[in-house]
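Chains, contacts and geometry: an overview
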Protein chains: 2
Amino acid sequence: MYVVRFATRDRSESEMTPPRKSTSEPRVRLNKERVIGAAIALADAGGLDALTMRRLGDELNVEAMSVYNHVANKEDLLNGMADMVFGEIKLPSHSDDWRTAIRKRSISFHDVLVRHPWATTARDSGTNPGTATLRNHDRVIGTFRNGGFSIAAAAHAFSAVDSYIYGFAMQEKSLPFTTPEETAAMAAILLAQLPASDYPYLAELTADHVLKPGYRYSDEFLIGLDLILDGLDSMRIESQ
Amino acid sequence: MYVVRFATRDRSESEMTPPRKSTSEPRVRLNKERVIGAAIALADAGGLDALTMRRLGDELNVEAMSVYNHVANKEDLLNGMADMVFGEIKLPSHSDDWRTAIRKRSISFHDVLVRHPWATTARDSGTNPGTATLRNHDRVIGTFRNGGFSIAAAAHAFSAVDSYIYGFAMQEKSLPFTTPEETAAMAAILLAQLPASDYPYLAELTADHVLKPGYRYSDEFLIGLDLILDGLDSMRIESQ
DNA sequence: ACCTGAACACCGTTCAAGT
DNA sequence: ACCTGAACACCGTTCAAGT
């Protein structure tokens, strides 16, 4: 939103100064949230490598060094970005049973990591979790507890589910293809290079599974997730 | 091992030249393996940030730019490091049943990632897998296939297990503590800072589980792994 | 064939100076 | 209170020159 201000000093040309069509945009005051938002946009567009303090300054129409008025350093910035991204994850619903609630939240978590692939890697040191992260974790653990999990079982469940989600997103990110067409093209090339005699099972899997029409690695996500949720259901019953 | 060579040119002082106790060590010829080995040692000691081409050169008693005679660039170096680390993972044994073989291999994989935490993150772009990586993947898929998994089920199993292992290692790495004593100390501080009214379940979990004597997050690894292996056993039977 | 030194185009971060 | 400009100590990588 633009605030148009009237010039107070005399001007011969005109009494009212129109909004300046100049090189410098009207300055919106910088704050931590705007800094983090711009940083996320940069990382979404070009990965973590594309996020430098200097480019971030450019994006905010400010010198790079001004950013330091709003974040302590780059690590602080990355922590803030990770927490803002965590805030995008749908919290487990109180009205769903534990399994439905965790399943929906896990899918939402996965969607968020697909949207922001750099986020799998951003929080290198787990100190200083933000409030969105804490709230998310609290609600997930609460969902398990209210679903009948003992404290220990809730800890196991939380660890298993989130490890799987993080690891799946990492594997997905490292794949050099996404659409079925790209996958097929890439797999055909790989298969041609792959000495089938050295790696017979890899060759078989590529030829008879990955190259099948409609194959998409991302479809694996729900299969593994449901497998874990089945296991957690047994654990829940045993822990009662 | 040092190879002592005799000087062929005449020397007035002595017929035999003793190994020179000079400032410059006897130069061992550089090769890609030695470069990658030194890079791994640097990353093990100080994380990926500590690995710069200049420091790597120092470590090898060479100018930084000489490294480029053996690796194309830093990405090539990181790929090489990842593959060498993959080579440390014990391959699944042919004489074990599928579950025992995969369990042992998964534990070995986890051990390797604990030894080289930076490796969870090093292979950002999954192109150009090395031969150790390919061999490992081939043997894992083969173990599933010979254990009675259909091709599709083997693909599901492979994805679920390795996603879990990667994700668990990432979570583990991001924890700011390892020993039970550090954990207890850190958890007590966190608990004191944590507004228990805002995060009741997190507070409960910390107080009644993490702060219990002998708690170690790494113990969660086998619990989640066995849960997944149980699920895979059901999937195997259904896929037959 | 391998190694070196200088150079280029960047980084994150500090600090005194401005408004 | 916030922003700027210059500076510092680094990066990865190139390239011509040496042996």
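Sequence order sets the numbering: in each chain, residues are counted from 1 along the sequence as written. Whichever chain is written first becomes A and whichever ligand is written first becomes 1, with later ones labelled in order. Local features in a predicted model are, by the rule used here, given only for residues with pLDDT of at least 70; side-chain atom pairs are given and counted only at 80 or more, and totals for whole chains, interfaces and linings are based on all residues. Hydrogens and waters are ignored; side-chain quantities use all the structure's heavy atoms.

Structural notes on the overall build of chain A
The helix and strand tally for chain A stands at 10 helices and 0 strands. Each helix is a run of DSSP H or I of at least 4 residues and each strand a run of E of at least 2, with the numbering of both proceeding from the N terminus. Listed N to C, the secondary structure of chain A is α-α-α-α-α-α-α-α-α-α in terms of helices and strands. Residue burial is assigned from relative accessible area. The probe radius is 1.4 Å, only protein chains are included, and a residue is buried under 20% of its type maximum, exposed over 50%, and partly exposed in between. Relative to its full complement of 240 residues, chain A shows a buried share of 45%. Within chain A, contacts between residues separated by at least 24 positions form 69% of all contacts whose residues are at least 6 apart in sequence. Working rule for contacts: check all heavy atoms of both residues, and any pair within 4.5 Å makes them a contact.

Observations concerning the nonpolar core
Throughout, nonpolar core names a set of buried Ala, Val, Leu, Ile, Met, Phe, Trp, Tyr and Cys residues whose side chains join them through atoms within 4.5 Å. Core analysis: the biggest nonpolar cluster contains 128 residues, and A:L232 and B:L232 have the highest contact counts within it. Apart from the residues lying within four places of it in its own chain, the contact partners of B:L232 are A:L227, B:W98, B:F144, B:F149, B:A157 and B:V161.

Remarks on the environment of B:Y201
The residue B:Y201 is located in helix α9 (residues 200-210) in this model. The class of B:Y201 is partly exposed, set by a relative accessible area of 25%. A sequence separation of 62 residues divides B:Y201 from B:R139, and the C-alpha atoms of the two residues are 42 Å apart. Setting aside chain neighbours within four positions, we find B:Y201 in contact with A:D138, A:I141, A:G142, A:R145 and A:N146.

What to know about the protein's contact with DNA strand C
Close to DNA strand C lie 19 residues, the nearest being A:R54, A:M65, A:Y68, A:K74 and B:E63. The contact atoms of DNA strand C, taken as those within 4 Å of the protein, divide so that sugar and phosphate hold 57%. A distance of 2.8 Å separates a phosphate oxygen of DNA strand C from a polar side-chain atom of A:K74. Among the elements that line the surface near DNA strand C, the one with the most residues is helix α2 (residues 53-59) of chain A, at 3 residues. Each residue gets one of three labels, nonpolar for Ala, Val, Leu, Ile, Met, Phe, Trp, Tyr, Cys and Pro, charged for Asp, Glu, Lys and Arg, and polar for the others, Gly among them. Among the residues forming the surface near DNA strand C, the class breakdown is 7 nonpolar, 5 polar and 7 charged. One heavy atom within 4 Å of a molecule or strand makes the whole residue count as near it. For this analysis, a polar contact is any N or O atom pair within 3.5 Å, provided that within protein one partner can donate a hydrogen and the other can accept it, and provided that sequence-adjacent residues contribute only side-chain to side-chain pairs.

Details of the relation of the copies chain B and chain A
The least-squares superposition of copies is restricted to C-alpha atoms, and to residues with a pLDDT of at least 70 in both copies. Least-squares fitting of chain B to chain A yields an RMSD of 0.0 Å, with the transformation described by 0.0 Å of translation along the axis and a rotation of 180°. On this basis, the relationship between the two copies can be described by a two-fold rotation axis. Looking at the rotation axis and the C-alpha trace of chain B, the residue lying nearest is B:G167, at 1.8 Å.

A short note on the packing of helix α8 (residues 180-193) of chain B against α9(B)
All names here are of chain B. With their axes 10 Å apart at the nearest point, α8 and α9 run at an angle of 150° to one another. Considering their axes alone, α8 and α9 lie roughly antiparallel with respect to each other. In the crossing of α8 with α9, the sense of the turn from one axis to the other is left-handed. Taking contact as the criterion, the partners of T183, A187 and L191 in α8 are, on α9, A203, T206, A207 and V210. Residues that form the contact of α8 with α9 fall into these classes: 5 nonpolar, 2 polar and no charged. Simply put, an axis is a line fit to the C-alpha atoms, just over the touching stretch for a helix, and the angle between two N-to-C directions goes from 0 to 180 degrees. For classification purposes, an angle smaller than 35 degrees is called roughly parallel, one larger than 145 roughly antiparallel, one from 65 to 115 roughly perpendicular, and anything else oblique. By convention the crossing between two helices is left-handed if the near helix lies anticlockwise of the far one by an angle smaller than a right angle, and right-handed if it lies clockwise.

Focus: the protein's contact with DNA strand D
Around DNA strand D lies a shell of 19 residues, among which A:E63, B:R54, B:M65, B:Y68 and B:K74 are the nearest. Taking the atoms of DNA strand D that fall within 4 Å of the protein, sugar and phosphate contribute 57% of them. Here a base nitrogen of DNA strand D sits 2.4 Å away from a polar atom, N or O, in the side chain of B:R54. Here a phosphate oxygen of DNA strand D sits 2.8 Å away from a polar atom, N or O, in the side chain of B:K74.

Comments concerning helix α3 (residues 74-86) of chain A
What a helix should span is 1.5 Å times the count of its residues minus one. In this model, α3(A) (13 residues) spans 18 Å end to end at C-alpha, consistent with the 18 Å of a helix rising 1.5 Å per residue. Regarding α3(A), its N-cap is A:N73, as a side-chain oxygen of that residue lies 3.2 Å from the backbone nitrogen of A:E75 further along.

A word on the interface of chain B and chain A
Each side of the interface is counted separately: chain B has 52 residues, and chain A has 52 residues. Accessible area that two parts lose when put together, with a 1.4 Å probe and added across both, is what the buried area reports. At the boundary of chain B with chain A, total buried surface from both sides reaches about 4,400 Å², with 68% on carbon and sulfur atoms. When the buried area of chain B at its contact with chain A is split by residue, B:D138, B:Y201 and B:L227 rank highest and sum to 14% of it. For salt bridges, the criterion is a side-chain nitrogen of Lys or Arg within 4 Å of an Asp or Glu carboxyl oxygen. Put simply, chain B and chain A have 2 salt bridges between them.

As for helix α7 (residues 151-174) of chain B
Under the 1.5 Å per step criterion, the end-to-end length of α7(B) is 35 Å for 24 residues, consistent within 8% with the ideal 34 Å. Burial of α7(B) is extensive: 22 of the 24 residues sit out of reach of the surface.

A few points about the pattern of salt bridges
Taken as a whole and assessed by the stated rule, the structure comprises 20 salt bridges over all chains. For B:D96, the salt bridge goes to B:K104, with nearest N and O atoms at 2.9 Å. Two residues, B:D219 and B:R216, come together in a salt bridge whose shortest N-O distance is 3.9 Å. For B:R216, a relative accessible area of 37% puts it in the partly exposed group. One continuous salt-bridge network, built from bridges that share partners, spans A:R99, A:R103, A:D226 and A:D230.

Focus on the packing of aromatic side chains
Residue and element names in this part refer to chain A. To pair, rings of Phe, Tyr and Trp, with the six-membered ring standing in for Trp, must have centres within 6.5 Å; the planes then decide the type, stacked if under 30 degrees apart, edge-to-face if over 60, and tilted in the middle. Throughout the structure, instances matching the rule amount to 18 aromatic pairs over all chains. Aromatic pair W98 and F149: ring centres 4.9 Å apart, planes at 80°, arrangement edge-to-face. Taken as a pair, W98 in helix α4 (residues 98-115) and F149 in the loop between α6 (131-146) and α7 (151-174) lie far apart in primary sequence, 51 residues in all. Across the pair, exposure class does not vary: W98 and F149 are buried alike. Ring geometry for F144 against F149: centres 4.9 Å apart, planes inclined by 65°, an arrangement best described as edge-to-face. Using a relative accessible area of 0% as the deciding quantity, one classes F144 as buried. What makes F149 buried here is its relative accessible area of 2%. Grouping aromatic residues by their ring pairs yields a cluster made of Y164, F168, Y217 and F221.

Considering the side chain of B:T121
With respect to the secondary-structure elements, B:T121 resides in helix α5 (residues 119-122). The exposure class assigned to B:T121 is buried, which follows from its relative accessible area of 15%.

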